[in-house]
Each structure stands twice: as C-alpha cells, then as structure tokens.
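One-letter residues, chain by chain:
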Amino acid sequence: MKKRFILTRISVGIAAMVFLADCTTFSKDGGFNAVSSTASERIGKDAVIVKTDADRESVAKRTQTLLANPLSMDAAVQVALLNNRGLQVSYAELGLSEADLVQAGRLPNPGFSFSRTRASNGDLSIGRMFSANVLAILTLPVAAHIEARRFEQTKLETANAMLKVAANARRAYVEAVASEQAAKYAEQVRDSAEASAELALRMRQAGNFSKLDQAREQAFYADAVAQQARARQQAVAAREELTRMMGLWGAQTEYRFPDRLPDLPKDRPDLKGLESYAMRNRLDIQAAKLRTHGVASSSGLSQATRFINALDVGYLNNYETDKGHEHGYEISVEVPIFDFGNVKVARARATYMRSVNQLAQTAIDARSEVRESYSAYATSYDVAKHYRDEVVPLRKTISDELLLRYNGMLASVFELLADSRDQIAAVNAYIDALKDYWLAETNLQQALGGRLPQAGEAQALKAERPLNEAEPTAQAAWVPVKQPSAPTTTSEGN
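Residues numbered from 1 in each chain as written. Predicted model: local features only at pLDDT ≥ 70, side-chain atom pairs only at ≥ 80, totals over all residues. Heavy atoms only, no water.

### With respect to the overall build of the protein
Line of reasoning, step 1. Helix and strand counts for the protein come out as 14 helices and 4 strands.
Line of reasoning, step 2. Here the protein holds 494 residues, and 41% of them are scored as buried.
Line of reasoning, step 3. Within the protein, residue pairs in contact and separated by at least 24 positions form 79% of the contacts whose partners lie at least 6 positions apart.
Line of reasoning, step 4. Surface summary for the protein: the accessible area is close to 27500 Å², and the carbon and sulfur share equals 55%. (Helix = DSSP H or I, 4+ residues; strand = E, 2+ residues; numbered from the N terminus. Buried < 20%, exposed > 50% of the residue type's maximum accessible area, 1.4 Å probe, protein only. Contact = heavy atoms within 4.5 Å. Areas by Shrake-Rupley, 256 points an atom, 1.4 Å probe, with all protein chains shown as cover.)

Written as structure tokens, this is what we have:
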C-alpha cells in the first residue's frame, strides 16, 4: 500500500511537470506585431519580417512597384522598411528573446542515475535515483516573469530600431534630392560662367576688354567648374547613402528622383508640452524603464537565493541481494562556507543602480533633444519661408528689371550673366533652407518617438499628468521588491 502511494505521488509530480512545461510555448507572431503596429500607428508604414522565399518574393514585387515612379519621401521610407538588412537583424533579436522566455518558463529536465555492482561474494547491488532541481522549480515563476519583461523590452527596442531606420531613410532621401538639385544648379552656374569667360576672351582679343576683367571672368569659370564637380560628387555620395539605407542593389539602384524636394508646408504648428509628450511616447525610455524594473526583480531573486545555489531532491530505489529493496530520498544542498552570496547581492545592487542612472540619463538626453530639435524645426521653417517669400521673389524682380535694361541697351551682357548667377545662388540657398527644414522635422519626429503630436495632444497630456512624474529619477523607475537589502532610491533630480 505504501509503495503504491509513493508511486502515485511520483506519477502526479511527473504529470504536473509535463503540464507546466507545455504551458510555455512560442507565440504565433514571435513578438513582431508590436513592431508592425508601431510602424502603422506612428509613421503610417508597413514593417515586414522576411522568413521565407514567399516573403522575399512579396517584398521584391512591392519594392519594384514603389520604384517604378519617381521616388517620394514616403516611398523611400517604405522601401527601407522592406529591404534594410540591418533591420532584419534587429527582428532576429525578437526570436532570441522569445526563446529565452520559453526556456525560462519550462521546468528543468529531471535526472536519473543507475548503478549496478556485484561484490566478490556474489552479492548484487542495484541503485536507482530519480532527481529534480527543486530550487529551479521554486524560482521558475519569478525567472519566467523576469524573462517576460525582457521580452517586452526587446519588443520596444526593436520597434525603436525600426523607427530609427525610417528616420535615417528620410534624412538620406532629403540629402539625396537636395544634392541632386544643387548639382543641377551648379551645372547651370558653370554654363553661365563658361559663356561669360568665352565672351570675355573674344572681347579681349578684339581689344574691347581689359586683361584684368578677362582674368576675373576666367577665374570665376575655373572656380565654377570645381564647384560643379564637387556638387556632382556630393550628389553621388548622397544617393549611395540612400541606396544603402533602402537595401537596394543591381537594377534596383536605377530609381529616379522627383525634380525637387516637397514644398514647405503652408503653416507651422505651434507645438507645446513636447517634453511630457516625449516622456510618454519615446520607446527607448519605455524600454529603459522595463530594463530597470527587470533588474529590480532580478536583484530580489538574487537576494532570495544568496545562500543556496543548488538544491536537488531525489527519490531512491536501491536493491541489495541480502537486504532486498530499499526506498528513500536524497537531498543535495550546497553548503555556504566560503561564499555567502554577498558578491551576488553586491553585483545585483550595482547592476540596479547602473540601470537607474542609465534611465535617468536617457530621459535627460531625450528632454534636451526635444528642446534642441524643436528650436531647429521652428527656425528652419522660418528661414525657408523667408527665402521663399522674400529673397527669391526679390532676386526674380531684380533679374526682370535687369533684363529690361539689357533689352534697352542700358546693361551689359556681363551684368546679365552675373545676375543670372546671383539668382541661381539665391535659389540654391532656398534649397538648402528647405533641406534643413525637412531634416529638422525628421529630427523632431524622432526625438518625440516617431511622430509629431496631433492638435492638442501634447497639451492634453501635460494637463493630465504632472510634469514631475516624468522626471528621470530613481524613484520613478523603482519597482518595490520585498527583500531586506534592496537598493534604496534617492530624490536626486526631482
């Protein structure tokens, strides 16, 4: 009866272990839904993970469709999200993190040992032991919870990596299109300078132009040739940077650009409460908070297991010829004589404080980035608007008036050519100002977590949540862990 009871308990224990092990499985999406939803909600694009040949074929077809027309900024971002191999590397981190989560949620395999010996007198001794790591089983829920939090952290970090690729693709696109425009205008300046230098040479040969004036025109032409070559090389470099960001090669690199950058928006929104909005919206801050919470939980686990590193329990079923069957159990515990676990606890404390300060620095940097990028955003818009509404129209008016004087023989051809170059320079300055605006908008979007707030969204968030709650302090990051020597928080930075 007693033997049957023991066997029943063993069977129940094995069944429970099998059931618990089956509870932890891989998810269908592998955590990628968090990335794809972030891409859709924040930048209006599709993020795709490529695993099979069918996935690659689908990506190739969509890329071909996007590249069939002159490449827009939105299309460049989408192509980058489809083809950037570095982004696929980041997506692989999701699989590794989920594997760690599943592994942490599964019970350790039990052990079985068997021995068979025969004494010189012919006595037979058989030993059998079924053992399990009890400490690992007892700490399994905490370990699984820690890995679940790390998996959520990896999702946020991967989504943030996707947003960085999108922002870098926007920057590369703006630089490439602006450089292409600048190269075209540099070519026009060179042509104008060449015509002026040729005319000056002929007039010099006819005796109607001084050597000094002719040398000036020739020097300007020589400089224009160098400037045009430099501008063309910058355009090639900017295009190749965009090509790398979009992950294109072969025939795909023959994509075309539109004639110019997108026009300046009619109005610039007056955004307020951006720091609080960034504290809530930025994925790197959310990931840093989860990392700090996870470290706090890990420090609690380290404190709980500081004296015991191994605890094995085994069921014994031995047999000897003269004694018959013997049943019992065996407990194996590591004795803390030389190592009392204080090193483990000290390491956990240091790791926690490192994580707290990293979170604080991340939040401080984020606030500064928001202030700096918004200042650049507002200034670049105003400068580009000034060039569009004031400088370029004035240069056109001057050119029109000078052309009238030239037609009336009141201005020379050299004055007309020089004014043409000045007008091109003004247009080039506007292109640079427009480029600076689109780059500043991209930087502001990234500083805010991928997108600008909708009308009233940042102000509502600021009113809803006190500003000091988003301050980057250890208090804001601390998750209480019931342990006697848990790291205490400070009020620095409040």
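On we go.
### Remarks on the environment of Lys155
Line of reasoning, step 1. Here Lys155 lies in helix α7 (residues 140–205).
Line of reasoning, step 2. In this structure the C-alpha to C-alpha distance between Lys155 and Ala34, which are 121 residues apart in sequence, comes to 6.4 Å.
Line of reasoning, step 3. Excluding its chain neighbours within four sequence positions, the residues that come into contact with Lys155 are Gly31, Ala34, Val35 and Leu94.
Line of reasoning, step 4. Reaching out from Lys155, the side chain makes a polar contact with the side chain of Glu152 at a distance of 3.2 Å. (Polar contact = N/O pair within 3.5 Å; in protein donor to acceptor, adjacent residues only side chain to side chain.)

### Examining the confidence of the model for the protein
Line of reasoning, step 1. With 73% of its residues at a pLDDT of 70 or more, the protein shows a mean pLDDT of 77.
Line of reasoning, step 2. The secondary structure element of the protein with the lowest average pLDDT is helix α14 (residues 474–477), at 36, and the one with the highest is helix α4 (residues 73–83), at 95.
Line of reasoning, step 3. In this model, residues 1–7 is a region of pLDDT below 50 whose contacts with residues beyond four sequence positions or in other chains number 1 contact.
Line of reasoning, step 4. In the model, residues 464–494 has pLDDT below 50 throughout and makes 53 contacts with residues more than four positions away in sequence or in other chains. (pLDDT = per-residue confidence, 0-100.)

### Overview of the side chain of Arg282
Line of reasoning, step 1. Mapped onto the elements, Arg282 comes out in the loop between α9 (274–281) and α10 (283–304).
Line of reasoning, step 2. When sequence neighbours within four positions are dropped, the list of residues in contact with Arg282 reads Ala366, Glu369, Gln446, Ala447, Leu448 and Gly449.

### A short note on the packing of helix α3 (residues 53–67) against α4
Line of reasoning, step 1. Running from N to C, α3 and α4 point in directions that differ by 160 degrees, and their axes come no closer than 10 Å. When the axis of α3 is compared with that of α4, the two are roughly antiparallel. Considering only the axes of α3 and α4, their crossing is left-handed. Facing Val59, Arg62, Thr63, Leu66 and Leu67 of α3, the residues of α4 in contact are Ala75, Gln78, Val79, Leu82 and Asn83. (Axes fitted to C-alpha atoms, helices over the stretch in contact; angles between N-to-C directions. Parallel < 35°, antiparallel > 145°, perpendicular 65-115°, else oblique. Left-handed = near helix turned anticlockwise from the far one by under 90°.)

### Examining the pattern of salt bridges
Line of reasoning, step 1. Following the criterion strictly, the structure yields 24 salt bridges and no others.
Line of reasoning, step 2. Residue Arg395 is joined to Asp422 by a salt bridge in which the shortest nitrogen-to-oxygen separation is 3.8 Å. One end of the pair, Arg395, is in helix α11 (residues 342–407); the other, Asp422, is in helix α12 (residues 413–447), with 27 residues separating them in the sequence.
Line of reasoning, step 3. Asp422 gets classed as partly exposed once you look at its relative accessible area, which sits at 41%.
Line of reasoning, step 4. A single salt-bridge network, built from bridges that share partners, covers Glu275, Arg367 and Arg371. (Salt bridge = Lys/Arg side-chain N within 4 Å of Asp/Glu carboxyl O.)

### Quick look at helix α8 (residues 211–246)
Line of reasoning, step 1. In a regular helix each residue adds 1.5 Å, so 36 residues correspond to 52 Å; α8 covers 53 Å between its end C-alpha atoms and thus fits that length.
Line of reasoning, step 2. Positive phi appears at Gly247, one or two residues downstream of α8, with a value of about 70 degrees. (Expected span 1.5 Å × (residues − 1).)

### Observations regarding the nonpolar core
Line of reasoning, step 1. Counting residues in each nonpolar core, the largest one holds 64 residues, and the members touching the most others are Leu71, Met162, Leu242 and Met246.
Line of reasoning, step 2. With 14 residues, the single largest contributor to this core is α7.
Line of reasoning, step 3. For Met246, the contacting residues outside a window of four places in its chain are Leu71, Ala76, Val79, Ala80, Asn83, Asn84 and Tyr255. (Core = buried A, V, L, I, M, F, W, Y, C linked by side-chain atoms within 4.5 Å.)

### A few points about the packing of α4 against α8
Line of reasoning, step 1. In contact at an axis separation of 7 Å, α4 and α8 are set at 50 degrees when each is read in the N-to-C sense. Comparing their axes, α8 and α4 come out oblique. From α4, Ala76, Val79, Ala80 and Asn83 reach across to α8, where they touch Leu242, Met245 and Met246.
Line of reasoning, step 2. Of the residues that constitute the contact of α4 with α8, the class distribution is 6 nonpolar, 1 polar and no charged. (Nonpolar A, V, L, I, M, F, W, Y, C, P; charged D, E, K, R; others polar.)

### Here's the deal with the side chain of Arg171
Line of reasoning, step 1. If you trace the backbone, Arg171 turns up in helix α7.
Line of reasoning, step 2. It turns out Arg171 is buried and unbridged, and the closest side chain with the opposite charge, Glu175, is 8.2 Å from it.
Line of reasoning, step 3. Sequence-distant contacts of Arg171, defined by excluding residues within four places in its chain, comprise Leu439, Thr442, Asn443 and Gln446. (Lys, Arg positive; Asp, Glu negative; His and termini not counted.)

### With respect to the packing of aromatic side chains
Line of reasoning, step 1. Enumeration according to the criterion identifies 7 aromatic pairs in this entry.
Line of reasoning, step 2. Ring centres of Tyr374 and Tyr377 lie 6.2 Å apart, and the angle between their planes is 35 degrees; on these two criteria the pair is classed as tilted. Of the two residues, Tyr374 and Tyr377 are both situated in helix α11; the distance of 3 residues between them amounts to about one turn of the helix.
Line of reasoning, step 3. A relative accessible area of 18% means that Tyr374 is categorised as buried.
Line of reasoning, step 4. The class for Tyr377 is buried, based on a relative accessible area of 2%.
Line of reasoning, step 5. Ring plane angle 65 degrees and centroid distance 5.6 Å describe the contact between Tyr381 and Tyr437, whose orientation is recorded as edge-to-face. In this pair, Tyr381 sits in helix α11 while Tyr437 sits in helix α12, placing the two residues 56 residues apart along the sequence. (Phe/Tyr/Trp six-rings, centres within 6.5 Å; stacked < 30°, edge-to-face > 60°.)

### Thoughts on the environment of Ala287
Line of reasoning, step 1. Following the sequence through the fold, Ala287 ends up in helix α10.
Line of reasoning, step 2. Note: C-alpha distance between Ala287 and Thr158 (129 residues apart in sequence) is 9.8 Å.
Line of reasoning, step 3. Not counting the four nearest positions on each side in its chain, Ala287 is found in contact with Gln153, Leu156 and Glu157.

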